[in-house]
Amino acid sequence: DFSKAMSQAGTSQFQEVIRQELEYSMKVELDKILATAPSNELEHAKKDLEGFKKLFHRFLQEKGPSVDWGKIQRPPEDSIQPYEKIKARGLPDNIASVLNKLVVVKLNGGLGTSMGCKGPKSLIGVRNENTFLDLTVQQIEHLNKSYNTDVPLVLMNSFNTDDDTKKILQKYSHSRVKIYTFNQSRYPRINKETLLPIAKDVSYSGENTECWYPPGHGDIYASFYNSGLLDNLIGEGKEYIFVSNIDNLGATVDLYILNHLMNPPNGKRCEFVMEVTNKTRADVKGGTLTQYENKLRLVEIAQVPKPHVDEFKSVSKFKIFNTNNLWIALSAIKRLQEKNAIDMEIIVNPKTLDGGLNVIQLETAVGAAIKSFENSLGINVPRSRFLPVKTTSDLLLVMSNLYSLNAGSLTMSEKREFPTVPLVKLGSSFTKVQDYLRRFESIPDMLELDHLTVSGDVTFGKNVSLKGTVIIIANHGDRIDIPAGALLENKIVSGNLRILDH
């Protein structure tokens, strides 16, 4: 046992030496990069690289999955409240004064690349020519007009989306919404083999675009604080932010949740509220809220030890998942940021660049900080508050007659007999938005649809109706044109179907 202990001590000493060497090499490389910064960018680049250095240090310290599976418990009953209970309290007469304490923050760092678009995802048209950003501005403007309030919109951009977003913002200069932006950090991608940055200088245009990345939305706390905007908003009397992904069309300001935050029934305010919703079989990957060391904690699939992944995905044990709609106290962010006390697990995201080089990027997620805040709460909200548009299959749902649009908000049509959305799977011919749009002359009637699968070279004519389960498969080399006015109910269509114009 003694020799085993000695060899273990030797191993950990050896690992410590390697760790120190890696950290030193990283510091040398980062100093070289910083030396290339022009004087007007120096301060900014310094802050970014300092933040990255901290993250890299933690990455070298942590080993293996970041949760001990044995410590995971179900959250206590009262730590996740049903939305109905919160809504049942009703609204006070002075809801406007409560609204005036709110800031809406949208995470706007993502590009539309997964849907074949260049530029910010928030500028993709989703409904009647309106983009994600248009709908967001309309929602807040409607709120401000209805209650005579001044709820501002804050966009967290990344270096990928900042320029394009700022150009578009000019068009809202006359709307009744103050719009602010700040940028999340810009961190260097690391070569997977050497664990050193692939960037040689601070520039991020041309060939260098692939050298840098925005480090996930967990970066919001430091960037918001560093931008000075956090202090300005606190100075204006703002108390809470409502944070959500810009592509979640269900994430509108909810007055009942806001009232619960500002006027808690037990008199003790929450610093952090996470909206969760019930899992369906389509949501196996979403993070879930658990009780861990007497704190509410978000556990993501990447943190789960391999043998427990299936258990984590099960709908019976972990019934809810995080929608990433979060309500957070501004004063708490300031306090924790100043104490350097916001603790988020590191997500190691491997990528392969166009030239074939394997890199990793170190990221964090905004919801993971829940365990650092006092008096956190989960609220189990209706599924309608989670309506993300990640693919053209999602886009088809929100463009269809399943939803109606009112003041920037989408609501499920009352004509739909059951409240769940159909399962839609469009094949690879539909992945890019422009291809998808070319294949539909008009969006089909989907009010009575349960399930749609489309694969291969398929086009839809005008005024098609889809009901029940519809599967359309054009084999390789075949093409299927669904004729205008067709009604497909519980049908499988395969083979070759060309409609010729006579």
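Residues numbered from 1 in each chain as written. Predicted model: local features only at pLDDT ≥ 70, side-chain atom pairs only at ≥ 80, totals over all residues. Heavy atoms only, no water.

**Some words on the overall build of the protein chain**
What the protein chain contains, in helices and strands, is 13 helices and 25 strands. Its C-alpha radius of gyration of 25 Å places the protein chain within 12% of the 23 Å reference for a compact globule of 502 residues. In the protein chain, which comprises 502 residues, the share counted as buried stands at 49%. Within the protein chain, counting contacts between residues at least 6 apart in sequence, those at least 24 apart form 71% of the total. Of the roughly 24,500 Å² that the protein chain leaves accessible, carbon and sulfur atoms contribute 50%. Once the 61 positive and 59 negative side-chain charges of the protein chain are each reduced to a mean point, those two points are 2 Å apart. (Helix = DSSP H or I, 4+ residues; strand = E, 2+ residues; numbered from the N terminus. Rg over C-alpha atoms; globule rule 2.2 N^0.38 Å. Buried < 20%, exposed > 50% of the residue type's maximum accessible area, 1.4 Å probe, protein only. Contact = heavy atoms within 4.5 Å. Areas by Shrake-Rupley, 256 points an atom, 1.4 Å probe, with all protein chains shown as cover. Lys, Arg positive; Asp, Glu negative; His and termini not counted. Charge placed at Lys NZ, Arg CZ, Asp CG, Glu CD.)

**Observations concerning the sheet that holds strand E16 (residues 358-363)**
Pairing is antiparallel in the open sheet, where three strands are placed in the order E8-E16-E15. A single partner strand is all that each edge strand has here, and the edge strands are strand E8 (190-191) and strand E15 (347-352). Note: E15 against E16, six bridges, orientation antiparallel. The residue bridging Val 348 from the neighbouring strand is Leu 362, located in E16. (Pairing = 2+ DSSP bridges.)

**Re helix H11 (residues 330-338)**
Along H11, the residues that are buried comprise Leu 330, Ala 332, Ile 333, Leu 336 and Gln 337. Along the axis of H11, the buried positions cluster into a sector of 160 degrees, meaning they face one direction only. The elements touched by buried residues of H11 are helix H7 (220-226), helix H8 (229-235), strand E10 (240-245) and strand E14 (320-329). Directly after H11, the chain includes Asn 340, whose backbone phi takes a positive value near 55 degrees. (Arc of directions from axis to C-beta.)

**Quick word on the pairing of strand E23 (residues 465-473)**
Relative to E23, strand E21 (residues 445-455) runs parallel, the two sharing eight bridges. Each bridged residue has a counterpart across the sheet, and for Leu 449 the counterpart in E23 is Gly 468. When E23 meets strand E25 (residues 487-494), the two strands line up parallel, connected through seven bridges. Counterpart to Ile 472 in the pairing with E25 is Val 493.

**Concerning helix H12 (residues 392-399)**
What sets the pattern is the α-helix's 3.6 residues per turn: residues three or four places apart point alike. Counting buried positions over the eight residues of H12 gives six, a clear majority of the element. For H12, the full list of buried residues reads Thr 392, Ser 393, Leu 395, Leu 396, Leu 397 and Val 398. The inward-facing, buried residues of H12 contact strand E3 (125-127), strand E18 (403-406), strand E19 (409-412), strand E20 (423-426), helix H13 (433-439) and E21.

**Looking at the UniProt feature "binding site: substrate" (unreviewed entry) in the protein chain**
In this structure's numbering, the residues bearing the UniProt feature "binding site: substrate" (unreviewed entry) are His 217. Mapping His 217 onto the fold places it in the loop between strand E9 (212-213) and H7. Overall, His 217 belongs to the partly exposed group, its relative accessible area being 27%. (UniProt positions renumbered as here; feature names shortened; annotations may be inferred.)

**Overview of the sheet that holds strand E5 (residues 153-157)**
What the eight strands build is an open sheet, ordered E1-E17-E11-E14-E10-E2-E5-E6; its pairing is mixed. The open sheet is flanked by strand E1 (80-82) and strand E6 (179-183), the only strands paired with a single partner. Each neighbouring strand pair of the sheet contributes to a mean axis angle of 25 degrees, computed without reference to strand direction. Across three bridges, E1 lies against strand E17 (residues 376-380) in parallel orientation. (Axes fitted to C-alpha atoms, helices over the stretch in contact; angles between N-to-C directions.)

**Thoughts on unusual backbone geometry**
What you tend to see is this: most non-glycine residues have negative phi, and most peptide bonds are trans. Of note, Asn 128 is a non-glycine position whose phi angle comes to about 45 degrees, a positive value. Given a relative accessible area of 55%, Asn 128 falls into the exposed group. Its identity is not glycine, yet Asn 324 carries a phi of approximately 65 degrees, on the positive side. Mapped onto the elements of the fold, Asn 324 is located in strand E14. Using a relative accessible area of 7% as the deciding quantity, one classes Asn 324 as buried.

**Some details on the packing of aromatic side chains**
A full pass over the atoms with the stated rule returns 15 aromatic pairs. Pairing Trp 69 with Phe 318 gives two aromatic rings, centres 6.0 Å apart and planes at 65 degrees, and the pair type is edge-to-face. Of this pair, Trp 69 sits in the loop between helix H2 (39-61) and E1 while Phe 318 sits in the loop between helix H10 (309-313) and E14, and the two are 249 residues apart along the sequence. When sorted by exposure, Trp 69 lands in the same class as Phe 318, which is buried. (Phe/Tyr/Trp six-rings, centres within 6.5 Å; stacked < 30°, edge-to-face > 60°.)

**Things to note about the pattern of salt bridges**
The tally for this structure, following the rule as stated, stands at 28 salt bridges. Residues Lys 32 and Glu 29 are paired through a salt bridge, measuring 3.3 Å at the closest nitrogen-oxygen approach. Within this pair, Lys 32 and its partner Glu 29 are both found in helix H1 (residues 2-34), separated by three residues, close to a single helical turn. For Glu 29, a relative accessible area of 16% gives the class buried. (Salt bridge = Lys/Arg side-chain N within 4 Å of Asp/Glu carboxyl O.)

**Focus on the UniProt feature "binding site: UTP" (unreviewed entry) in the protein chain**
UniProt feature "binding site: UTP" (unreviewed entry): in the numbering of this structure it lies at Lys 121, Gln 184, Gly 216, Asp 247 and Lys 390. Looking at where Gly 216 falls in the secondary structure, it is placed in the loop between E9 and H7. Not counting the four nearest positions on each side in its chain, Gly 216 is found in contact with Gln 184, Glu 363 and Thr 364. Considering the arrangement of structural elements, one finds Lys 390 in the loop between E17 and H12. Among the residues examined, Lys 390 registers a relative accessible area of 38% and is labelled partly exposed. Residue contacts for Lys 390: discarding those within four places in its chain leaves Ser 114, Met 115, Lys 121, Asn 245 and Asp 247. A distance of 2.9 Å separates polar atoms of two side chains, one belonging to Lys 390 and the other to Asp 247. (Polar contact = N/O pair within 3.5 Å; in protein donor to acceptor, adjacent residues only side chain to side chain.)

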